[in-house]
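Close look at the chain arrangement
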Amino acid sequence: MAIRTELANAAPLSANASRREDDAEGLDVFAILDRQKWLIAFFAAAGLTIGVLYALNAKVWFRTEAKVLINQKTAGLTTDSEATNLVAEGTLANHIELLQSRLIVGEALHENGLTELPSVVAELEGNQDAIDYVISRLELVKGGDGSAQSARTLNISLTHSDPADAKLLLTAVLKRYEQFILEQIEELMGRAGEMVRQARDEVEKDLLKAEAEYLAARQEAPLFFAGEGSSNVYQDRYRRLQDEMLDIDIQESTLRTRLEGVKETLAEMETSDNPMDNLDKLALIDSESLERLGVFARLQMDAGNTAEFKARMPTVQEKARAEITRLMELNSELQRLSAIFGPGNPRIQDINREIETTKKFLAENNQTVPTEGFLGSDMLTPSDLLKAYIGFLEHDLVALFERRAELEVLAKDSEKKAKELIEYELRDLVLQKKIRRQESLFDGIVTQLQEMDTVNGLGGYLYEFLDIPRLGKQSWPNLPLCGLGGLMLGMFGGLVLALANEIRDGRFRSAAELDEVIDMPNLGLAGKLNSMRQGVIGLESIQDTAASEVFRLGRTLLLPEIRAGRLKTIGFTSPKQGDGKSTFCSNFASSLAQLGLKVLIIDGDLRRPSIDQYFSMPKGIGVFDVLVDQAQWQDAIRETEIENISVMTSGTSSRKPSELLQSDRLDWLLDQVKEAYDIVLFDLPPVLAVSDPVVVLPRLDGGVLVVRASTVRRDELLNTMKRVETSGGKWIGCFLNAYGATGKFDVEGGYYGYYQSDYAKSGSLNGAARPVRSRAATIKVPTE
């Protein structure tokens, strides 16, 4: 099996690191909500409480409302049956500006003595006057509610601290607004009405003049002009003549080509001694010309049928003449049928056979039949027929030339008349457009007269107060709205704080999230394992339990590479101390030994060694002693109580571990043990604690990363992987230590629980349950 990490290492290290950092930036919103739900709920409850308290203690405001419908009034100059028309959107916007202007509000307050109203004076702040205050409390909205949203209405409201004064202020503003509108319309309409009427009279005169001009032009229209959209008969005739001249060109080209071919054939025939050999050449004659030539042939043959001719022609000559006549008829029929059915027709094949038979007869009787006597001066030979055919073709060419000249004269005349008709059509269109422009101007002026007609000074608009100001009703504070606002603000604050906690925390929340970041094969996930204090008994007791399935899974993933000899040395490390790397290394070695593989564990953690405790043996001589050349490597290896597992402890000292691990002596040691064992596992210190793993892992075939989900942070994990990859080390997989992590790492609900159900109860791998020593205990994930 090709390990995915081997392929990943082909890419630049910087690219891998960049991709992992991008993956680490993603946040699961729903997972955050689930983890931080109590914090969000607390802030939401606090916000709701604050909102309710604000509503109970805030200042009370009252709102009074009115509604105005604005319709356009007509002067009776239109045929529309409706008396009023809805005004444009821009007109409503102008009225809104007018109602909120200092002109209207100021005059309304001064005329009604409301500038010193006590409730208004009490609300003034700084340099604000009563006019500014009332404008700031006014609210105008266009349209109605529901299906009446498009209605041309103005919803006007005023909010004030006193309900009665709110009604008084709004009523004064509306009265002054109505009075101002009527005064302005009266003045403007009176001044502009006369100007519009004068313009209407001038436009009406221009319109009558344009109509008279158009009438005179129509009276002079050509005979074939039927108005706009009619066809141009001269233009259609010109197209037909052009099409006919094109057909004549095609016919002329065909006749000239045929004429040249016939002349060449005739020249060949004149060099022939036997006229009978030239009968085939008559196939060049088209069907129509054959019919014309047949007339001449029959005339000659009738001349030869006289009594005198027959008296001096022997019987054989008469028979030959009949055969020649038959041959000409067959050639004519062959030409006709080939043009209709093509050469594959059965009748054509029969005619060809009959022609061959006739030719054979004529050839056999050529010596006995005097050609001169038979084809005398009064008979047509094949060459005579082709000469006659040439005369027909030349006559046809002359006829086509004369017809073409006639068509050219007719085409020039049609072209001239077509252009004249098109010119008149364009002039007619110009006159029509001129009339339409004058009509549009006239209609526009009439519309302005309708809008500006004052009708005895009543103005151009009708103002209908659909709702007049009443005693103000409380509008604020609104208890439900304040409570909802406080609740939403609290929830938003809780979400922000929850997100900040997630970003600050940086820990992993699920196995899938961790897999996305590390992007390497997951060799297994374990929760609770026996600690090193249980020694070799603890390792043996796990072998036939559900927990051992984790290491069997990792063994299955790596076994093809191990058996193939491509994976001989594996280093186990972790980001930090206490992640459980030594525990996973020891249990993984036990799973490999069950398959009969010879396994050697080298305790490369010279600072805090622990492998000797897992296998219940004293330290004795080990890696240190071999590297300083104080002991033979064979003497430093000891067998354990677990079959097929050997151990090389850290040794008698831990001085200068980094220097020792960097020496060439370590490479020599690895070469020796790889020859003696099937697989060598190297227990290394944490990457972030010391530099030893960065020194050793590049010399090994691959590294296994042990990650404790409950303590490791994203930046720590990424930094660990980056350090090893930068130094040249290669990752082949990872084990996930899920003890103490959140619910999404709970192995009781995952593979662990699956194997624990029925499969784990079936005993050991060989079918018999292995006895477990009574002093074995399941405790927390051990520290190293």
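Here the structure is a predicted model, which means the values were calculated and not measured. (Residues numbered from 1 in each chain as written. Predicted model: local features only at pLDDT ≥ 70, side-chain atom pairs only at ≥ 80, totals over all residues. Heavy atoms only, no water.)

**Thoughts on the environment of Leu697**
- With respect to the secondary-structure elements, Leu697 resides in the loop between α27 (692-696) and β13 (702-708).
- Sequence-wise, Leu697 and Phe682 are 15 residues apart; in three dimensions their C-alpha atoms are separated by 9.1 Å.
- With near-sequence residues (within four places) excluded, Leu697 lies in contact with Gly571, Thr573, Leu684, Gly702, Gly703, Val724, Gly729 and Trp731. (Helix = DSSP H or I, 4+ residues; strand = E, 2+ residues; numbered from the N terminus. Contact = heavy atoms within 4.5 Å.)

**Regarding the packing of helix α20 (residues 548-563) against helix α21 (residues 581-593)**
- At a minimum axis separation of 10 Å, α20 and α21 run at an interaxial angle of 65 degrees. Of the two elements, α20 crosses α21, and the hand of that crossing is right-handed. Contacts from Phe551, Arg552, Gly554, Arg555, Leu558 and Ile562 in α20 reach Phe584, Asn587, Phe588, Ser591 and Leu592 in α21. (Axes fitted to C-alpha atoms, helices over the stretch in contact; angles between N-to-C directions. Left-handed = near helix turned anticlockwise from the far one by under 90°.)

**What to know about the sheet that holds strand β11 (residues 645-648)**
- Spatially, β7-β14-β13-β8-β12-β9-β11-β10 is the arrangement adopted by the eight strands of the open sheet, whose pairing is mixed. Each having just a single partner strand, β7 (522-526) and β10 (638-639) make up the two edges of the open sheet.
- Across four bridges, strand β8 (residues 569-573) lies against strand β12 (residues 679-683) in parallel orientation. Across the sheet, Thr569 pairs through a bridge with Val680, a residue of β12.
- Along the sheet face, α20 touches β7, β8, β12 and β14 (731-737) and points at about 165 degrees away from the line of β7. (Pairing = 2+ DSSP bridges.)

**Comments concerning helix α8 (residues 130-137)**
- Three or more residues of α8 are buried, namely Ala130, Ile131, Tyr133 and Val134. Looking straight down α8, one finds its buried side chains confined to an arc of 165 degrees; they lie on one side. (Buried < 20%, exposed > 50% of the residue type's maximum accessible area, 1.4 Å probe, protein only. Arc of directions from axis to C-beta.)

**Considering the packing of helix α6 (residues 102-111) against α8**
- Here α6 crosses α8 at 120 degrees, and the two axes come no closer than 9 Å. Between α6 and α8, the crossing angle belongs to the class labelled oblique. In this structure, α6 meets α8 at a crossing whose hand is right-handed. The segment α6 lies against α8, with Arg102, Val105, Gly106, Leu109 and His110 engaging Ala130, Ile131, Asp132, Val134 and Ile135.
- Tallied by class, the residues present in the contact of α6 with α8 amount to six nonpolar, two polar and two charged. (Parallel < 35°, antiparallel > 145°, perpendicular 65-115°, else oblique. Nonpolar A, V, L, I, M, F, W, Y, C, P; charged D, E, K, R; others polar.)

**So, the pattern of salt bridges**
- Counted according to the given criterion, the structure contains 23 salt bridges.
- Note that Glu111 and Arg176 form a salt bridge whose closest N and O atoms lie 3.9 Å from each other. One end of the pair, Glu111, is in helix α6; the other, Arg176, is in helix α9 (residues 163-219), with 65 residues separating them in the sequence.
- Taking relative accessible area as the criterion, Glu111 reaches 53% and is therefore assigned exposed.
- Among the residues examined, Arg176 registers a relative accessible area of 8% and is labelled buried.
- The shortest N-O distance in the salt bridge between Arg566 and Glu561 comes to 3.0 Å.
- For Arg566, a relative accessible area of 51% puts it in the exposed group.
- Because the salt bridges share partners, they merge into one network encompassing Arg102, Asp129 and Asp132. (Salt bridge = Lys/Arg side-chain N within 4 Å of Asp/Glu carboxyl O.)

**Some thoughts on unusual backbone geometry**
- Of note, the amide linkage connecting Trp476 to Pro477 takes the cis form, showing an omega dihedral of 5 degrees.
- Summarising the element assignment, Pro477 is placed in the loop between β6 (473-476) and α17 (479-505).
- A positive phi angle, close to 60 degrees, is found at Asp629, a residue other than glycine.
- Mapped onto the elements, Asp629 comes out in the loop between α23 (623-627) and α24 (633-636).

**Quick notes on helix α18 (residues 511-518)**
- For α18, the set of buried residues is Ala511, Glu513, Leu514, Val517 and Ile518. Projection of α18 onto a plane perpendicular to its axis shows the buried side chains occupying an angular sector of 160 degrees, all on one side.
- Directly after α18, the chain includes Asp519, whose backbone phi takes a positive value near 55 degrees.

**A short note on the environment of Arg256**
- Within the secondary structure, Arg256 sits in helix α10 (residues 233-270).
- By relative accessible area, Arg256 is classed as partly exposed at 45%.
- Separated by 141 residues in the primary sequence, Arg256 and Leu397 have C-alpha atoms spaced 7.8 Å apart.

**Observations concerning the side chain of Ser101**
- Positionally, Ser101 belongs in the loop between α5 (89-99) and α6.
- On the accessibility criterion, Ser101 (18% relative accessible area) is buried.
- Among the polar contacts made by the side chain of Ser101, one reaches the main-chain carbonyl oxygen of Leu98 at a distance of 2.7 Å.
- Among the polar contacts listed, one links the side chain of Ser101 to the backbone nitrogen of Ile104, at a separation of 3.4 Å. (Polar contact = N/O pair within 3.5 Å; in protein donor to acceptor, adjacent residues only side chain to side chain.)

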